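# Report on the structure
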Amino acid sequence: MCVDLHTHSIFSDGTATPEELVHMAAMLQLTGLALTDHDTMEGCPRAIAAGKKHGVSVIPGLEISCTHGDFSLHILGYMVDPEDSVLLEKLRMIQQGRQRRNKKIIERLVELGIDITTTELQQLSACGQTGRPHIARLLIMKKIVPDINSAFRRYLGKGKPAYAERFSFTAAETIAFIHQAGGIAVFAHPGKLDSSMRIQPRLIEELVERKLDGLEIYYPSHPQKVQKKLHKLAEKYGLLKTGGSDYHGGNRPNNGLAGSRKSVCPPDTIMKELLRRTEQIRSKQKPDRKSEG
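Here goes a summary of the coordinates provided. (Residues numbered from 1 in each chain as written. Predicted model: local features only at pLDDT ≥ 70, side-chain atom pairs only at ≥ 80, totals over all residues. Heavy atoms only, no water.)

Of the voids in this model, the largest pocket is the one considered here, and its volume is about 1,400 Å³. Lining of the largest pocket is provided by 47 residues; of these, His 74, Arg 132, Phe 152, Lys 192 and Arg 252 occupy positions nearest its centre. Put simply, the parts of the chain that give the lining of the largest pocket at least two residues each are strand S3 (57–68), strand S4 (71–78), helix H3 (85–111), helix H5 (132–141) and helix H6 (148–156). (1 Å grid on protein atoms, 1.4 Å probe; cavity = no way out; pocket = protein on both sides within 12 Å on 5 of 7 lines; lining within 4 Å. Points joined across faces, edges and corners; volume = space filled by probe spheres on them. Helix = DSSP H or I, 4+ residues; strand = E, 2+ residues; numbered from the N terminus.)

This is how it looks when you write it as structure tokens:
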């Protein structure tokens, strides 16, 4: 049986509602699902409620962009407390950074002679977090580019005319506030960083020193050779092994939900182990939280 621990909804850069994601998971007979929108957990209550209706175990999560030295990484946070005050403050800072970057990108596109406004962007992204994929969709609607990949290649990708940096925390800081909120921190799609896997061994060692909990091993663009090397690294450091489709719906039409023909099939044992690790972390944190009171 499969689970999918990496999905996105309309609350970030996906095109499906949380309810639609859970319904699709049920149709594919997935036993578990995690909603991991970028920098927000707004959609998690809806996904959890839909999971109860459809008999799919849903766990709350999110995906956070961060840095480690010269590297840009994504860290997945699972089972975090969405009401944790530290987490909420960190997310507020990240979200404000997103808004500032969106404004800069729109200004640069205007300077390039493109008729585009922040109001149009807000109308397109009716809820959740707005980012470059939304701007790309707006450029498609205006017939400036034919597809999302073209938008990034011509305007929005790093080093392109409209690109703008945004605020982000370090990986160490991100892992720490995920733990503060009672969650598990997992390095998302590590194979994408370097397909030759030369960079990852040292990088993962450094992240383990900063209390990383797991590696996302089962991932659509991870070939068997990469998965095998990641399995060995996970075993070496005692890391949790996770996986998911990184489903975005219509924004990535060639990438289906886990269990479909266009995706991966992470075994359901990884979700059971994730829940077990979460309990371990929380049991260690209980004395600290009591002393804080």
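Another aspect to go through is the nonpolar core. One finds Leu 5, Ile 59, Tyr 78, Phe 187, Leu 212, Leu 215 and Leu 230 to be the most contacted residues of the largest nonpolar core, which totals 62 residues. In terms of residue count, the dominant contributor to this core is S3 (five residues). If we ignore the near neighbours within four places in the chain, the residues touching Tyr 78 are Leu 5, Ala 34, Thr 36, Ile 59, Pro 60, Gly 61, Gly 183, Ile 184, Val 186, Thr 242 and Leu 274. Counting 17 residues, the second-largest nonpolar core is a separate cluster that includes Ile 135, Val 145, Ala 151 and Leu 156. (Core = buried A, V, L, I, M, F, W, Y, C linked by side-chain atoms within 4.5 Å. Buried < 20%, exposed > 50% of the residue type's maximum accessible area, 1.4 Å probe, protein only. Contact = heavy atoms within 4.5 Å.)

Moving on, we get to the packing of H5 against H6. Contact geometry for H5 and H6: axes closest at 9 Å, N-to-C directions at 105°. When the interaxial angle is binned, H5 and H6 end up roughly perpendicular. Contacts between H5 and H6 involve Arg 132, Pro 133, Ile 135, Ala 136, Arg 137, Leu 139 and Ile 140 on the former and, on the latter, Ile 148, Ala 151, Phe 152, Tyr 155 and Leu 156. Across the contact of H5 with H6, the residue classes tally to 10 nonpolar, no polar and two charged. (Axes fitted to C-alpha atoms, helices over the stretch in contact; angles between N-to-C directions. Parallel < 35°, antiparallel > 145°, perpendicular 65-115°, else oblique. Nonpolar A, V, L, I, M, F, W, Y, C, P; charged D, E, K, R; others polar.)

This brings us to the packing of aromatic side chains. The tally for this structure, following the rule as stated, stands at two aromatic pairs. Summarising the aromatic geometry, the rings of Phe 167 and Phe 169 are spaced 4.9 Å apart at their centres and angled 80° between planes, so their arrangement reads as edge-to-face. With a relative accessible area of 31%, Phe 167 lands in the partly exposed category. Assessed through its relative accessible area of 5%, Phe 169 is described here as buried. When the centroid spacing of 5.5 Å and the interplanar angle of 75° are considered together, the rings of Phe 169 and Phe 177 count as edge-to-face. (Phe/Tyr/Trp six-rings, centres within 6.5 Å; stacked < 30°, edge-to-face > 60°.)

What follows is about the pairing of strand S7 (residues 214–218). Counted residue by residue, S7 has five buried out of five residues, so it is predominantly covered. With two bridges connecting them, strand S6 (residues 184–187) and S7 associate as parallel partners. In the sheet register, Phe 187 faces S7, and the bridge partner there is Leu 215. In this view, the connection linking S6 to its parallel neighbour S7 by way of helix H8 (residues 200–209) has right-handed handedness. (Pairing = 2+ DSSP bridges. Right-handed = clockwise from strand over helix to strand, strands pointing away.)

So, on to the pairing of strand S1 (residues 3–7). Counting buried residues in S1 gives five out of five residues, a clear majority hidden from the surface. Where S1 lies against strand S2 (residues 32–35), three bridges are found, and the strand directions are parallel. In the strand pairing of S2, Thr 7 is matched with Leu 35. In this region the chain leaves S1, passes through helix H1 (residues 18–27) and returns to the parallel neighbour S2; the handedness of that crossover is right-handed.

Summed over all chains, the structure comprises 12 salt bridges. For Glu 206, the salt bridge identified is with Arg 202, shortest N-O distance 3.1 Å. Here Arg 202 and Glu 206 lie together in helix H8, a separation of four residues that amounts to about one turn. Its relative accessible area of 45% is what places Arg 202 among the partly exposed residues. Notably, a salt bridge pairs Glu 209 with Arg 210, separated by 3.7 Å at the nearest N-O pair. Overall, the relative accessible area of 33% leaves Arg 210 in the partly exposed class. (Salt bridge = Lys/Arg side-chain N within 4 Å of Asp/Glu carboxyl O.)

Once that is clear, we can look at the side chain of Thr 7. Checked against the element boundaries, Thr 7 lands in strand S1. Look at Thr 7 and you get buried, because its relative accessible area is 0%. A polar side-chain atom of Thr 7 sits 2.8 Å from the main-chain carbonyl oxygen of Ala 34. Setting aside residues up to four positions removed in sequence, Thr 7 forms contacts with Leu 21, Leu 33, Ala 34, Leu 35, Thr 36, Asp 37, Ser 245, Tyr 247 and Leu 257. (Polar contact = N/O pair within 3.5 Å; in protein donor to acceptor, adjacent residues only side chain to side chain.)

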